[in-house]
Amino acid sequence: MTTAAPTSSRDLPHPGRTEIRLEAVLHALSDPMRLQVVRELAADGDELSCSHFDLPVTKSTTTHHFRVLREAGVIRQVYRGTAKMNGLRRDDLDDLFPGLLGSVLAAAARQAVRLGGS
């Protein structure tokens, strides 16, 4: 997969809209930690810093999860000062795969209720 080349060491590579592939998106969303990140981003509707997320994994594993989401085209990461901000690429995903993100988020919410989570 080709990705947009970073223009500086603080720019992170992201796939262009036409480079986002369904199988990569589904893989990214298949992990419970990554799905939790996407659910929080969708609920907030804005950018959230990496430090906002309280995942029950190590920092290096958290970094890995964000990288998988970014490289799949599910999120966009940008530096704002010293914070790495994360935003859901909802417009791109909805354009490429109409209804997918909404269906996955709704199913995840139903599952959380069924299993007694949030």
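Calculation notes
Residues numbered from 1 in each chain as written. Predicted model: local features only at pLDDT ≥ 70, side-chain atom pairs only at ≥ 80, totals over all residues. Heavy atoms only, no water. Core = buried A, V, L, I, M, F, W, Y, C linked by side-chain atoms within 4.5 Å. Buried < 20%, exposed > 50% of the residue type's maximum accessible area, 1.4 Å probe, protein only. Helix = DSSP H or I, 4+ residues; strand = E, 2+ residues; numbered from the N terminus. Contact = heavy atoms within 4.5 Å. Pairing = 2+ DSSP bridges.

Student: Just give me the short version of the nonpolar core, but keep the residues and values in it.
Tutor: Counting 24 residues, the largest nonpolar core has Val38 and Val74 as the members making the most contacts within it. Mapped by element, the contributors of at least two residues to this core are helix H1 (22-29), helix H2 (32-44), helix H3 (59-72) and helix H5 (100-114). Here the element with the most residues in this core is H2; it accounts for five residues. Once residues within four sequence positions are removed from consideration, Val38 is found in contact with Leu29, Leu69, Val74, Leu88, Leu101 and Leu105.

Student: Describe the pairing of strand S3 (residues 83-88), naming the residues involved and giving the relevant values.
Tutor: When strand S1 (residues 48-49) meets S3, the two strands line up antiparallel, connected through two bridges. Bridge pairing in S3 links Leu48 to Asn86. When strand S2 (residues 75-80) meets S3, the two strands line up antiparallel, connected through six bridges. Of the residues in S3, the one forming a bridge with Arg76 is Gly87. With antiparallel pairing between neighbouring strands as the criterion, S2 and S3 make up a hairpin whose turn holds two residues, including Gly81 at a positive phi of roughly 65°.

These values are about where atoms sit, not about what they do.
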